[in-house]
Each structure stands twice: as structure tokens, then as C-alpha cells.
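Observations on chain architecture
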Amino acid sequence: MKRYQMLIGGNWVDSVSGQTRELRDPANGEIVATVPEASREDARAAIDAARAAFDRGPWRKTTALERGKLLFKLAEALTKEADALARLEVQSCGKPLAEAQFDVADAANCFEFYGGLATKIAGETMNVPANSLSFVVREPLGVCGQIIPWNYPLLMAAWKLGPALAAGNTCVLKPSELTPLTALELGRILTEVGFPPGVVNIITGPGAGAGEELAESPRVDKVAFTGGTVTGRKILHASASNLKKVTLELGGKNPNIVFADADFEAAVDGALFGAFANQGEVCSAGSRLLVERSIHDRLVAGMVEKIPRVKVGHGLDPATKMGPLVSAAHREKVESYIRIGVEEGARLVCGGKRPADPALAGGHFLEPTIFVDVKPSMRIAREEIFGPVLAVLPFDTEEEAIALANDTEYGLAAAVWTKNLTRAHRVIRELRAGITWVNTYHPTFNEMPWGGYKQSGTGRELGLYGIEAYLETKQVNINLDEAPLGWY
């Protein structure tokens, strides 16, 4: 068992209170590590360190080229340690090793992308109705508080830190108290490749206390949060203390629409992958499957036939396709939704319980679960479950499919399966969602913006849009007339 510390001002430290938290492998309950339990006081120390690094440290004087090279070094170092980081990710949040390996590679790619983008931050000159040299420059915001969830611990750290550092900001990163280990290893690598002290600070602890301090502190210029919509509202309210900039990537109840003319086998695989990848613990999961009525029964039967291939087990087992849920409490929450679905009249066609295999009894496992006979008003069709639970709803017309898809308070992701190109364009245009796919589900690209409509959040991450969220815009006017103004 490894004992970790927090990174504050370039130093590895315990929490002021001395309190720690044991972290356990969700697949078997074995203790993996202990980490400090940060409080508001620890968050304030991290903010002070980030403030000093931004206001008085060498970071403000680094060139864009130097920042980019550091990010390239970070990407290279992550790649060299990819195997160890992927295994640690599995032991932290339970996902299958293949998914963790992809996440580590994608995190390295994210840092590399923003390393290249660091030197591409541009302003502009403007022609104004005066004898003036007028131009716009882009500058870093300052200190950024970044709060990330437990489902993609390392990747979410990269999504937050990459653009912030490329733009020249300093950061206080707070990973989930359940899964901070790969973020702390990232902190170690950051220091080893040469990021100055205080540029990146990493604190471990709950949202109550440490996270609240980041959201409320007037010494923080921006807060970026990925997580649940309820917490997002609290962060938005707390940010009013100094009207700090806010980026929120929140929940979803995402429609995955299958038309009768879709490639059948591709649609079956896409429906299963959309719902059960990463145990369904994905904000963009395709948890509402909308199927044209003429193929509804056949598609459901096709999914049920393939469910045995979704092998449930420890993520380090190469055969595993779905690991445990992150914690006992979260599994109980997902199970409560399964009970609600049955009580409301939906019909279980597979899953709905814990695996019978005694070898899995020590972990937080749950079978992949599919409901049919689901009405749009049911809670399992409206509320984010964040687990391996799929609600299947039929539709008869294109217009009905669009109405069902948009009948939600969320607007994060959506997909359409059809061979009809014009239909695909028509439907995608009508869907109120920030991330959409045609004949696929889940691919994410560092080059493209990520974020949602409605109560799925505000702002965008990744791509050029992601770095925009970490920049201020300054107007500069230089008077070219040497004569006095003559106003008085």
C-alpha cells in the first residue's frame, strides 16, 4: 500500500489536519493507497501557491514556445509510464484495462495537442475611426480551480490542465476523493519534466470543504468543473463571490436513435457500447435507446443475444469488458433506479442484479441491464443513472424520434443510426445536443469541442474552444496623433 501526499507550491505535503482516506480497489475491496483528506485550509494554501506563481513567479515570463515544449515533455513522459498509469487507473475506478490504456494515450495526446497550440494563440489588429494603432491581445486568466470526476481521472485532468497551462495560467486541481491517484502521479511527472513550483497544485479531498473553497474564493479567477448537474448549480452560485469565469460539463440523458434502415449489426454493437462502455459511468452514455418500432423487437433480441459477451470482471483481466462500479454507495444508487424502473412498469429483459459468480462478491459489480416497455415519463427515461442501465423506447416517425430525443432537461450528446444521408443531416440538425454522432457512438477527439446544451453545462472544452475558456481579451489603443487633444 502506497502513501501519497498532495502537491502544493512544488512540495509534497500532508493535509493540515493530518486526516487521510483509504482508497480501495472497487473490484475486490483491497486497499490500494492512502491519500490526505484536504480541507478548506489546504485549498487556501494551494490557491496561495498558485497565486504566487502567477503574480510573482517565473511562469508569467515563460514564452509560449517554452510552455509548449514543457507540455510536449509531459506527453512524452506519460507515454513512457503508460502501462503503470493504466493499471493504477483500473485499480482506482474499475474500468477494463483496454479502456484505461486508451485513456492514458488520449491524455498524452491532449497535452501534445495543447503543446502545439500554445504558440498559436493570436490577437488581431483593427481599423478604427481614429488615427490609432488598435489591436487585441489574448492573456491568461490567472488562477484556475479545476474540479474533476471519478470516471476518467487522468483524462479529465489532462482536459483541464492542458489548455490552462498552454494559455499561461496556474492551476489548483482537485480530483475526486474516490480516484485521485493517477492525478497525483501526473503531479509527480509534471515536476520531473520542469514545470515551476506552484504552477500546478493538486489537492485531494471532498467537494465539501476543499472544492467549495475553490468555487468561492475571490483569489481564484476561473473554476472548471465536470460532474453532476446539482453540484454544477452550487458551483455556479458560489462563483458569484467574484464573478469568476466558469466552465461546467454536467450530466446527460442522451438519446441513441436507431432507424429501421440502419446497418443492423453495427447498430446493435453501437447501442451496447453506447450504454455499457466504462460501466455506463459516462456523462455522454447512450442511456436512452430510441428504436423505430418495426425493428424494435429484433434489435432488443440482438442486444440480449450479445450480452453474454459483455464479460463482467476485474479490469486487469484481459477478457473483461465491464468492470465494477466505482463504490458501494454508487452501486446502491444504480440498483435503486432498477427497482424504480420495475415499480413504474418497465420490463427487464436482462440484468438488473449483481453477478452470481462468487469470485466477484468482493467488488461493486452489477450486470448490464436493459429495460423495455419504457414510457417517456418514467424516471429511468428522464434521470441520469450513471450506470449500466439502458432504457429502450420505440418510435414510429422521424418527427416522433426527434421529439422524444429532445424531451429532456439535458443536451449533452446524441446519435443517429441510418443509411439515409439526408435523414441523418435532418435529424442531427434538430437535436438539441452539443456532441452528436452518425453511425457511431462515443468517439472523442482532442481537436473538437466538448460540452452540452441546456442543463448539461456551459462553455466548451477541448479543441480551439477549450483554450478560449482560459484566455482574457485585452483591447490596446495607441494614439498616433502627437498634437494635444484640445478638449479644454
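Notes on the structure follow. Just so it is clear, the structure is predicted and the values come from calculations on it, not from any experiment.

Here we take up the sheet that holds strand β4 (residues 20–24). Sheet strands pair via backbone hydrogen bonds, and the direction of the pair is either parallel or antiparallel. Strand order in the open sheet made by the three strands is β1-β5-β4, with mixed pairing throughout. For this open sheet the edge positions go to β1 (2–3) and β4, each flanked by a neighbour on one side alone.

The next subject is the nonpolar core. Judged by nonpolar contacts, the single largest core of 103 residues is most densely connected at Leu165, Phe195 and Met303. Here this core gets eleven residues from one element, more than from any other, and that element is helix α5 (residues 153–167). Excluding residues within four positions of it along the chain, methionine 303 makes contact with Val268, Ala271, Leu272, Leu289, Ile370, Leu390 and Val392. Membership of the second largest hydrophobic core comes to 29 residues, among which are Ile338, Val389, Phe395 and Leu404.

Relative to each other, α5 and helix α6 (residues 181–193) sit at 40°, their axes nearing to 9 Å. Classified by the angle their axes make, α5 and α6 are oblique. Along its contact with α5, which presents Pro153, Leu154, Ala157, Leu161 and Leu165, the element α6 presents Thr182, Leu186 and Leu190. For the contact of α5 with α6, a count of residues per class yields seven nonpolar, one polar and no charged.

For the rest of this paragraph, the subject is the sheet that holds strand β7 (residues 132–140). Taking strand neighbours across the sheet as the criterion, the three strands line up as β6-β7-β23 in an open arrangement whose pairing is antiparallel. The sheet terminates laterally at β6 (124–126) and β23 (471–479), the two strands that pair on one side only. If you compare each strand with its neighbour and ignore which way they point, the axes differ by 25° on average. Pairing geometry for β7 and β23, over nine bridges, is antiparallel. Bridge pairing in β23 links valine 137 to lysine 474.

Cut-offs applied
- Residues numbered from 1 in each chain as written.
- Predicted model: local features only at pLDDT ≥ 70, side-chain atom pairs only at ≥ 80, totals over all residues.
- Heavy atoms only, no water.
- Pairing = 2+ DSSP bridges.
- Helix = DSSP H or I, 4+ residues; strand = E, 2+ residues; numbered from the N terminus.
- Core = buried A, V, L, I, M, F, W, Y, C linked by side-chain atoms within 4.5 Å.
- Buried < 20%, exposed > 50% of the residue type's maximum accessible area, 1.4 Å probe, protein only.
- Contact = heavy atoms within 4.5 Å.
- Axes fitted to C-alpha atoms, helices over the stretch in contact; angles between N-to-C directions.
- Parallel < 35°, antiparallel > 145°, perpendicular 65-115°, else oblique.
- Nonpolar A, V, L, I, M, F, W, Y, C, P; charged D, E, K, R; others polar.

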